[in-house]
Amino acid sequence: METNYWQIDQQQVGQSQAIEQAAALLQQQQVVAFPTETVYGLGADATSKQAVDKIFQAKGRPADNPLIVHIANREQIKEYVTSIPAHAEKLIEAFMPGPLTVILEHNGTIAKNVTAGLSTVGIRMPDHPVARRLIEVSGLPLAAPSANQSGKPSPTTAKHVYDDLNGRVAGIVDGGPTGVGVESTVLDCTQDIPVILRPGGITKEELEEVLGTVMLDPALAKTGDKPRAPGMKYTHYEPEAPLWLVKGDAAFFQAKIDQYREQGYKVGVMVSKELATQLQAETIKVCGSQADLTQVAVQLYDTLRAFKISDVDIILCESFPEQGVGQAVMNRLTKASSRIVRN
Ligand code: TXA
Ligand code: MG
């Protein structure tokens, strides 16, 4: 398949021909990748089973992993759900548009393969002018997972999307690098106390400021439990080489680098700029500062993608504090890792 590629200036979305063309493809049941404030999404008409099937095919995504429905204004939400509970209303008011997905009971309007047969649907209003304009002009709710090949790190640039999906999708709208860097927070709002199913761009602390108590899905902490966000059980975010998460200080980290190097591994290192100055290794990639986890989130997937199997056999990665957006960062790194190396 020929993949159309459009570059868009965020300031000019109002007059963009590219948006008109991308929207026309979506109306013809094709799939198109577009930027959001979190990561790039791969969109299709959420009311069309045929269109949504193409998302699963292009990504190689398991069919039992439901998709988030993207809308352009808050008024649209009621078209797809049975009701909006009071706490969800508060969240919508406080965080939409923004990196929050609310899970509510759906009313059957959305195609069944979007929700993987569940009684609920995830809804999100992206805070990105290109995403919103594309949804508006298409006149469609857009089902959209992250626009990566299933199992790989999510895409934060159009180049990442191109590398994974060129030839497999009808179009890629390049609106520059995304802002937040990690995906939206997925929050189950079907119960009295909302439950975070996937930590993301809106932090637990921010949610609690608006709502009081918010719970974390116990499956996020324990590896044995079946996670309730179906997608959380699959391999995710994997770089080309195995990633091992290191829990320990600089001396311990250096000892591990030396040990694996002696064992014959080409060792890559993914760390903050503070830790980088204390380590010696052949390949060191810096993913931000310990003092600014927001920046680590922004650079996370791009750094994971920068390690090439031709250069490294293993990647040793720093562990970050699980506070604020650090919770999402550590959730992704833990899922990306095949081993935890502890002191
Ligand atoms: O920031 C984001 O959320 C990005 C951008 C493109 O919007 N999208 C994204 O989609 O990350 P995806 O498909 O990669 O992840 C969606 C997550 C999965 O873990 C999925 O299982 C969960 O949301 N999910 C979707 N619908 C759900 C539902 N009805 N109940 C529980 N979990 C759901
Ligand atoms: Mg994804």
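Residues numbered from 1 in each chain as written. Chains lettered and ligands numbered in written order. Predicted model: local features only at pLDDT ≥ 70, side-chain atom pairs only at ≥ 80, totals over all residues. Heavy atoms only, no water.

Q: I'm lost on the packing of helix α1 (residues 17-27) against helix α5 (residues 129-138) in this one. Help?
A: Packed helices, taken two at a time, are described by the angle between their axes plus the distance between the axes. Direction vectors running N to C along α1 and α5 enclose 55 degrees, while the axes themselves pass 9 Å from each other. With respect to α5, the element α1 is oriented oblique. Here α1 and α5 pass one another in a crossing that is right-handed. Each of I19, E20, A22, A23, L26 and Q27 in α1 lies in contact with α5, whose residues at this interface are V130, R133, L134, V137 and S138. Residues of the contact of α1 with α5, tallied by class, amount to seven nonpolar, two polar and two charged. (Axes fitted to C-alpha atoms, helices over the stretch in contact; angles between N-to-C directions. Helix = DSSP H or I, 4+ residues; strand = E, 2+ residues; numbered from the N terminus. Parallel < 35°, antiparallel > 145°, perpendicular 65-115°, else oblique. Left-handed = near helix turned anticlockwise from the far one by under 90°. Contact = heavy atoms within 4.5 Å. Nonpolar A, V, L, I, M, F, W, Y, C, P; charged D, E, K, R; others polar.)

Q: Teacher, can you tell me more about the domain arrangement of the chain here?
A: Much of the literature gives interface size as the accessible area that the parts lose upon coming together. The domains assigned to the chain are domain 1 (4-221) and domain 2 (243-342). Taking only C-alpha atoms into account, the centre of domain 1 sits 29 Å from that of domain 2. Taken together, the contact pairs 23 residues of domain 1 with 15 residues of domain 2. By the criterion of area lost to domain 2, the three top residues of domain 1 are P153, V182 and P199, representing 33% of everything that side buries. Between E183 and R332 there is a salt bridge, with the nearest N and O atoms lying 3.0 Å from each other. Taken together, the links from domain 1 to domain 2 amount to seven residue pairs in polar contact (both at pLDDT 80 or more). Looking at the side of domain 1 that touches domain 2, the elements that each hand over two or more residues are α6 (158-165) and α7 (204-211). (Domains from an automatic or database assignment. Buried area = accessible area lost by both parts, 1.4 Å probe. Salt bridge = Lys/Arg side-chain N within 4 Å of Asp/Glu carboxyl O. Polar contact = N/O pair within 3.5 Å; in protein donor to acceptor, adjacent residues only side chain to side chain.)

Q: In this structure, what is going on with the sheet that holds strand β9 (residues 185-188)? I would like to understand it.
A: Pairing is mixed across the open sheet formed by 11 strands, whose spatial order is β1-β8-β2-β3-β7-β4-β6-β5-β9-β10-β11. Here the strands that pair on one side only, and so sit at the sheet edges, are β1 (4-7) and β11 (215-216). Of the pairings in the sheet, the one linking strand β4 (residues 68-70) to strand β7 (residues 142-143) comprises two bridges and is antiparallel in character. Along β7, the bridge assignment pairs V69 with A143. The sheet strands contacting α6 are β1, β2 (32-34), β3 (41-45) and β8 (171-174), and the helix crosses β8 at an angle near 165 degrees. (Pairing = 2+ DSSP bridges.)

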